[in-house]
Structure formats: C-alpha cells, structure tokens
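Residues per chain are reported as follows:
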Amino acid sequence: MKRALVIGASHSLGSALAGRLAADGWSVTGTGRRPAEEVEDASAFDYVRLDLSDNAEVERFVERAGGGPYDLIVHNAVTYGAMSGQPVPELDALETMFRVNALVPYRLLHGLLAAQPADRHCNCVVINSDSIYHSTPQTAGYAASKAALRVLTASLATLFRPAAVSVATLLLGPLPDPKKLENFQQVADRHGVEAAEVRRRFLRKANPWYVIDDLIDFDACYRSVAYLADLGPSANGMMCRLDGGSAGSLI
Ligand SMILES: NC(=O)c1ccc[n+]([C@@H]2O[C@H](COP(=O)([O-])OP(=O)(O)OC[C@H]3O[C@@H](n4cnc5c(N)ncnc54)[C@H](OP(=O)(O)O)[C@@H]3O)[C@@H](O)[C@H]2O)c1
C-alpha cells in the first residue's frame, strides 16, 4: 500500500485531500494543530498533532522522518493569522505567519525529503495560492509568505533533483473553504439574497482579477494532486495552476 503524508489535514481542503487519498487506497497520515477529537473525518486516516509554530515539535517530527518513508507528501497547512483587517499587522503576527507558511515548511520538507530512502520515489506537492500575483493591503503579508514559500519550493526542487524525490507546486484560486461559505451565507442573510449571488459578486466585483464563475472545487484539487503524484520524477520543479486563469495568462 502506498503511503501519503498530508501536512495540514485537520480541516477544509487538507481534510478533503487526506480523506480522498484514504478512500483511493492510500495509507494516510495527516497532521494538524487541533486535537484529534476536533478533526473532520479523523477515522479515515492516522492523525498526528503537529504545531508548525513550535520549532521544537517540528524538529522532533523531522528527527523521526515524520513517521515515513512516504510515496507522497502534500504540504497544505497555512495560517491566515496576520490577515486581521488592519492594513499593517503587528510585527509578531507577521513573523509567525512567515514562519508557519514559508520558513518552517521549507525546513520541515527538507528534513522529510532528505530522510527518504534512495530506492523509493517520493512526490511532494506544495499547495500555494494565486494571491502571490495580486495582493491587497489586507492580504499583502499572507501573499508575501506564500510567495516566499513558492521560491523556497523551487529551491527544494533543484536541491533534490539528483535524489528519488520530486517537488511540485499546486497553485490554487479561491476555494469553497468552510469559513468563506459561512461568510457568504452571513452576508446573504444580512442582505436577503441567495448565497450564490454573494459568491458571484465576490468573484466578479470584490476581486476583479478573478475570471472564474465558481470557486475551485476540492475534487479538482484532489485530481490535480493525484495527477502530480502519478507523474513521478517528471513533476519535479513543476507548477500546476488551478485558478481558472485568474493569475493572468502571460505569467
Ligand atoms: N481558502 C482559499 O480560498 C485558498 C485559495 C488559494 C490557495 N489556498 C491554499 O490552500 C491551502 C488550504 O487552505 P484552507 O483555506 O483550506 O486552509 P485552512 O482551512 O485554514 O486549513 C489549513 C490547515 O493548516 C493547519 N494549520 C494552521 N496553522 C497551523 C499551525 N500553526 N501548525 C500546524 N498546522 C496549522 C490547520 O490546522 P488546524 O485547523 O488544526 O489549526 C489546517 O489543517 C493553503 O495552503 C492555502 O494557502 C487557499
């Protein structure tokens, strides 16, 4: 049975990816910050608590190779901590966001991939965001942390080229995450309109760079991860954009 690790599997997209991989026959370990009893679909995979803001915990996880070896590692975890609504968040909040979204994943993935046996190929898929192409004052810190993750991911691809490892980016447009859907419903209730109308306005008016009519569904994300995993060594250094063209066709 092939083994997969999903980092950030306790909620939303990560939990959907871990659940689908398990349903497709993978043996899946998923990590998250919250306790196991608060994890959606926890019975589908082995859940390990791992707080990426805790350096010692991350180092311990790396030391035991994250319970590997793995055939697939999906890095999905993210914090939106410093998207507080203030134009310029506090320095501490920005630093934490950079650590959790970029620096710790770099260190963590490097450690896990370096521990992979030479005779077992491992595909690593790092989830990124179209926000790196168009940030706003509210999202700038988040977008910059994801842009840093993108650069660090590319360097891992170069570093591990001679090894039995490939590192690819899956760059996503706006997802139907539970928080967004809840926000749409709240706005819809406040204005006495359908949530679908709020979603349409979110995509067309509030974010004029989106050229899509709907959010990027989790099934398409899963199929993209499965495709990258299936490519094996050819996926190294690849960037797969699933954003409906919202990032602009010439980039
Ligand atoms: N949502 C969007 O519209 C969108 C658009 C483009 C790209 N993306 C990308 O898609 C991915 C998933 O996004 P999402 O909105 O589904 O994320 P999410 O709901 O916030 O879930 C992210 C996961 O990261 C974990 N996490 C957060 N802080 C952590 C920490 N300090 N240590 C360990 N784990 C931590 C969460 O665990 P806990 O919940 O247990 O804390 C959760 O399992 C991210 O990489 C994001 O950048 C999202």
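The rules behind each value
Residues numbered from 1 in each chain as written. Predicted model: local features only at pLDDT ≥ 70, side-chain atom pairs only at ≥ 80, totals over all residues. Heavy atoms only, no water. Near = heavy atom within 4 Å. Polar contact = N/O pair within 3.5 Å; in protein donor to acceptor, adjacent residues only side chain to side chain. Areas by Shrake-Rupley, 256 points an atom, 1.4 Å probe, with all protein chains shown as cover. Helix = DSSP H or I, 4+ residues; strand = E, 2+ residues; numbered from the N terminus. Nonpolar A, V, L, I, M, F, W, Y, C, P; charged D, E, K, R; others polar. Core = buried A, V, L, I, M, F, W, Y, C linked by side-chain atoms within 4.5 Å. Buried < 20%, exposed > 50% of the residue type's maximum accessible area, 1.4 Å probe, protein only. Contact = heavy atoms within 4.5 Å. Phe/Tyr/Trp six-rings, centres within 6.5 Å; stacked < 30°, edge-to-face > 60°. Salt bridge = Lys/Arg side-chain N within 4 Å of Asp/Glu carboxyl O.

1. Looking at the site of the ligand
Around the ligand, a shell composed of 28 residues is seen, among which Ser10, Ser12, Arg34, Tyr80 and Lys180 lie nearest. A distance of 2.9 Å separates an oxygen atom of the ligand from a polar side-chain atom of Arg33. Asp177 is positioned with one of its side-chain polar atoms (N or O) 2.9 Å from a nitrogen atom of the ligand. Alone, the ligand offers 890 Å² of accessible surface; in the complex the protein occludes 92% of this. When contributions to the shell around the ligand are tallied by element, the ones reaching two or more residues are helix 1 (12-23), strand 5 (122-129) and helix 4 (140-159). A total of three residues in the shell around the ligand trace back to one element, the largest contributor, which is strand 5. For the shell around the ligand, the class distribution of residues is 13 nonpolar, nine polar and six charged.

2. Quick look at the nonpolar core
Core analysis: the biggest nonpolar cluster contains 35 residues, and Leu21, Val28, Leu72, Ile127, Leu170 and Val225 have the highest contact counts within it. For this core, the elements supplying multiple residues, two or more each, are strand 1 (3-7), helix 1, strand 4 (72-75), strand 5, strand 6 (165-172), helix 5 (178-191), helix 6 (195-206) and helix 7 (218-231). It is helix 7 that provides the largest number of residues to this core, a total of five residues. Dropping the residues within four chain positions of it, Ile127 is found in contact with Leu13, Val74, His75, Asn76, Lys146, Leu149, Leu170, Leu172 and Val225.

3. Concerning the packing of aromatic side chains
A full pass over the atoms with the stated rule returns three aromatic pairs. Here the aromatic rings of Tyr80 and Tyr142 are separated by 5.0 Å at their centres, their planes lie at 50 degrees, and the arrangement is tilted. On the criterion of sequence distance, the pair formed by Tyr80 in the loop between strand 4 and helix 3 (91-114) and Tyr142 in helix 4 is long-range, its members being 62 residues apart. Tyr142 gets classed as buried once you look at its relative accessible area, which sits at 8%. Aromatic side chains Phe202 and Tyr210 sit 6.2 Å apart centroid to centroid with 45 degrees between the ring planes, which places their arrangement in the tilted category. Classification of Phe202 by relative accessible area gives partly exposed; the value is 22%. Judged by its relative accessible area of 10%, Tyr210 falls in the buried class.

4. Overview of the pattern of salt bridges
Side-chain pairing between opposite charges can occur once the charged atoms of the two side chains come close. With the rule as written, the count across this model stands at 10 salt bridges. Among the salt bridges present, the one from Arg120 reaches Asp71, with a minimum N-O distance of 2.9 Å. In this pair, Arg120 is assigned in the loop between helix 3 and strand 5 and Asp71 in the loop between helix 2 (55-63) and strand 4, connecting sequence segments 49 residues apart. Classification of Arg120 as partly exposed rests on a relative accessible area of 26%. Using a relative accessible area of 13% as the deciding quantity, one classes Asp71 as buried. Residues Arg201 and Glu197 are paired through a salt bridge, measuring 3.1 Å at the closest nitrogen-oxygen approach. In this pair, Arg201 and Glu197 are both assigned in helix 6, four residues apart and thus about one turn of the helix distant. Judged by its relative accessible area of 43%, Arg201 falls in the partly exposed class.

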